[in-house]
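Below, each chain spelled out in residue letters.
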Amino acid sequence: MSNTNTSPGQQASGKAGEIIGLFQRYVVPSYGRFELVFERGEGAWLWDVNGRRYLDLGAGIAVCALGHAHPELADALAQQARKLIHISNLYYHELQGRLAQQLVERIGPGKVFFANSGAEANEGLYKLARKFGHEEGRFEILTAINSFHGRTLAGIAATGQDKVKKGFSPMVTGFRHIPFNDLEAARSAISPATVAILIEGIQGEGGITPAKPEYLLGLRRLCDEKKLLLLMDGVQCGHYRSGRFQSFQRILEGVPGAEGFLPDGVSMAKSLAGGFPMGAFWVRQPYADLLGPGTHATTFGGTPLACAAALKVLEIIERDNLADNARQTGAFIKEGLQNLAARHPHVIQSVRGLGFMLGFELGPKEKIPGLAASDKTASAQMVDLLHKAGLLTIPSGSQVVRLLPPLNLTKEQAAEGLRLIEKVVQSVA
Ligand SMILES: *Cc1c(COP(=O)(O)O)cnc(C)c1O
């Protein structure tokens, strides 16, 4: 987000103003932050420093899978902290092994490497691909236009959006972008140097665009034919957000010929430890030992504390049937948005996504009376207005507003969110 979201005449005062002042003086200004200062949370609710309550349908951009301050997650962290916070990867500990087993059981035969963020998880996939192609001199990874893969140097080279690259050239070599959901474009982009194709199952920053089932199956066949790795960035769309553990499992549900579909690598982060920083990548069995001793490492990867959090998150998602909740309550929200779009088609042009990864696309702002006057993007203005109404959502590009609620959002909370969106949509229509 590069826009500053300060509304003129609405300068924060008191405690909020003081805290924002600290940021202005001491924090690198790389984020265009909204003028909201939060103090505490409980489930899908957040309170700012003035005691105002907000319904959080962003969940830290798909991070807080169990909402805020989940008591069992807090207890798991506190108990583990008293036992062992960190142990070097020079040694073994039980929780990393147990968590790797849990992730393998949910994706397929293979192994897992633990990191600390999404960008770093993807970085591991790039290194895996380079190692895979090294002896034949192949190194090039194809990624999709409008993709997002993180903000490290390789991450911005992999990301198919110019805005993240601007000012940081020269780019890390070995990445080229292809149109998403276009199998023929992928086929014709392959060069003798190509070693892998990396896509998101549902593009997040790119405006909530799911991969088509035939695209996934086609890429699998293409990669087998050309000896390429098929890599999937599940950082945002993974961890049950779609209603299944990985979004490709949901997208391919009941699709003929999809039985046994697996990518060769999957990256994870965001929801993995419910807000405690953690990333990981899974690599499919035949390639699981490619990164041998000494080839890849990170100090903090898979600490007992992070693994205890991630294990607790998985346990609660399973016990409380939160995947089904994402699917059903997500469908309820989607239907509500579609009804709203039918009533105000010039405001909401389309509704996209699966489960609890939803987006609504706004029409051209010139055609929306309440948004036409400002030079801010339609999505930034809509998100601002929703904040004023007490609802947190996330812009995705200039036209799309994203909903990434905690997986334990209730039907009543979903209905409340829809009511607030309807109120704001009516006010600008
Ligand atoms: C957020 C995100 C990343 C980057 O994750 P960080 O933890 O911010 O490094 C990578 N890929 C996708 C799809 C994301 O949504």
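Computed from a prediction, not measured in an experiment: that's the story for all the values here. (Residues numbered from 1 in each chain as written. Predicted model: local features only at pLDDT ≥ 70, side-chain atom pairs only at ≥ 80, totals over all residues. Heavy atoms only, no water.)

Participant: Now, about the site of the ligand: what can you tell me, with residues and values included?
Facilitator: Surveying the vicinity of the ligand reveals the residues Ser117, Gly118, Ala119, Asn122, Phe148, His149, Gly150, Glu200, Asp233, Val235, Gln236 and Lys270. In this structure, an oxygen atom belonging to the ligand sits 2.8 Å away from a main-chain N or O atom of Gly118. The backbone of Phe148 places a nitrogen or oxygen atom 3.2 Å from a nitrogen atom of the ligand. Expressed as a share of its isolated accessible area of 390 Å², the protein-covered part of the ligand is 81%. For the shell around the ligand, the element with the most residues is helix 5 (residues 118-133), which contributes three residues. Of the residues assigned to the shell around the ligand, the class counts are three nonpolar, six polar and three charged. (Near = heavy atom within 4 Å. Polar contact = N/O pair within 3.5 Å; in protein donor to acceptor, adjacent residues only side chain to side chain. Areas by Shrake-Rupley, 256 points an atom, 1.4 Å probe, with all protein chains shown as cover. Helix = DSSP H or I, 4+ residues; strand = E, 2+ residues; numbered from the N terminus. Nonpolar A, V, L, I, M, F, W, Y, C, P; charged D, E, K, R; others polar.)

Participant: Just give me the short version of the pairing of strand 6 (residues 175-178), but keep the residues and values in it.
Facilitator: Here strand 5 (residues 140-144) runs beside strand 6; their pairing, made up of four bridges, is parallel. Within strand 6, the residue paired with Ala144 across the bridge is Ile178. Once you follow strand 5 into helix 6 (residues 153-158) and on to strand 6, the crossover reads as right-handed. (Pairing = 2+ DSSP bridges. Right-handed = clockwise from strand over helix to strand, strands pointing away.)

Participant: Can you break down the environment of Phe276 residue by residue, with the values?
Facilitator: Here Phe276 is to be found in the loop between strand 11 (265-268) and strand 12 (279-284). Taking the relative accessible area as the measure of exposure, Phe276 reaches 26% and is therefore partly exposed. With residues near it in sequence (within four places) discarded, Phe276 still touches Leu77, Leu305, Ala306 and Ala309. (Buried < 20%, exposed > 50% of the residue type's maximum accessible area, 1.4 Å probe, protein only. Contact = heavy atoms within 4.5 Å.)

Participant: Let's hear about unusual backbone geometry: which residues, and what values?
Facilitator: That bond from Ser169 to Pro170 is cis: its omega, 0°, falls within 30 degrees of zero. With respect to the helices and strands, the residue Pro170 is situated in the loop between helix 6 and strand 6. Of note, Ile61 is a non-glycine position whose phi angle comes to about 60°, a positive value. Take Ile61: it is sitting in helix 2 (residues 59-62). The backbone of Asn146 sits at a positive phi, close to 75°, despite the residue not being glycine. Assignment of secondary structure puts Asn146 in the loop between strand 5 and helix 6.

Participant: Go over the side chain of Gln161 with me, naming the residues and quoting the values.
Facilitator: Here Gln161 shows up in the loop between helix 6 and strand 6. Gln161 has contacts with Asn146, Ser147, Phe148, Glu205 and Gly206, leaving out every residue within four places of it along the chain.

Participant: How would you explain a nonpolar patch on the surface if you had to name every residue and give the values?
Facilitator: A cluster of nonpolar side chains, Leu22, Phe23, Tyr26 and Val27, forms an exposed patch at the surface whose accessible area comes to about 390 Å². By the element assignment, Val27 lies in the loop between helix 1 (14-26) and strand 1 (38-42). Val27 sits in the partly exposed class, given a relative accessible area of 33%. (Patch = residues over 30% accessible without salt bridge, like charges linked within 9 Å, V, L, I, M, F, W, Y side chains within 5 Å. Salt bridge = Lys/Arg side-chain N within 4 Å of Asp/Glu carboxyl O.)

Participant: Requested: an account of the packing of helix 4 (residues 94-107) against helix 10 (residues 304-319), with residues and values cited.
Facilitator: It is at 9 Å that the axes of helix 4 and helix 10 come closest, and there the two elements cross at 40°. With respect to their mutual orientation, helix 4 and helix 10 come out oblique. Pair helix 4 / helix 10 crosses with left-handed handedness. Here Leu95, Gln96, Arg98, Leu99, Gln102, Leu103 and Arg106 of helix 4 come into contact with helix 10, specifically with Pro304, Cys307, Ala308, Ala310, Leu311, Leu314 and Glu318. Of the residues that constitute the contact of helix 4 with helix 10, the class distribution is nine nonpolar, two polar and three charged. (Axes fitted to C-alpha atoms, helices over the stretch in contact; angles between N-to-C directions. Parallel < 35°, antiparallel > 145°, perpendicular 65-115°, else oblique. Left-handed = near helix turned anticlockwise from the far one by under 90°.)

Participant: Could you give an account of the sheet that holds strand 14 (residues 357-362), naming the residues involved and the relevant values?
Facilitator: Read from one edge of the open sheet, four strands run 13-14-17-16, paired in antiparallel fashion. Looking at which strands have only one partner, the edges of the open sheet turn out to be strand 13 (348-354) and strand 16 (394-396). Each neighbouring strand pair of the sheet contributes to a mean axis angle of 25°, computed without reference to strand direction. Pairing between strand 16 and strand 17 (residues 400-403): three bridges, direction antiparallel. Its bridge partner lying in strand 17, Pro395 is registered against Val401. Of the strands in this sheet, strand 13, strand 14 and strand 17 touch helix 11 (residues 322-343), which is tilted by about 170° from strand 13.

Participant: So what's going on with the domain arrangement of the chain? Residues and values would help.
Facilitator: Accessible area lost during the coming together of the parts is what is often quoted as the interface size. Segmentation of the chain into domains returns domain 1 (1-32) and domain 2 (71-319). Here domain 1 and domain 2 have C-alpha centroids that lie 34 Å from each other. (Domains from an automatic or database assignment.)

Participant: Which residues make up the packing of helix 3 (residues 71-83) against helix 10, and what are the values?
Facilitator: Direction vectors running N to C along helix 3 and helix 10 enclose 150°, while the axes themselves pass 9 Å from each other. Judged on the interaxial angle alone, helix 10 and helix 3 are roughly antiparallel. The handedness of the crossing between helix 3 and helix 10 comes out as right-handed. Contacts from Glu72, Leu73, Ala76, Leu77, Gln80 and Ala81 in helix 3 reach Pro304, Leu305, Ala308, Ala309, Lys312, Val313, Ile316 and Arg319 in helix 10. Residue composition of the contact of helix 3 with helix 10, grouped by class: 10 nonpolar, one polar and three charged.

Participant: Run through the sheet that holds strand 7 (residues 194-200), naming residues and quoting values.
Facilitator: Read across the sheet, seven strands follow the order 4-12-11-10-7-5-6 without closing on themselves; strand pairing throughout is mixed. This sheet does not close on itself; its edge strands, each paired only once, are strand 4 (110-115) and strand 6. Neighbour-to-neighbour, the strand axes of this sheet turn through a mean angle of 20°, independent of strand direction. Pairing of strand 4 with strand 12 involves six bridges; the strand directions are antiparallel. For Phe113, the partnering residue across the bridge sits in strand 12 and is Phe281. Seen against the sheet, helix 4 touches strand 4, strand 11 and strand 12 and runs at an angle of roughly 125° to strand 4. Its contacts with the sheet place helix 5 against strand 4, strand 5, strand 6, strand 7, strand 10 (229-233), strand 11 and strand 12, and it is angled at close to 175° to strand 10.

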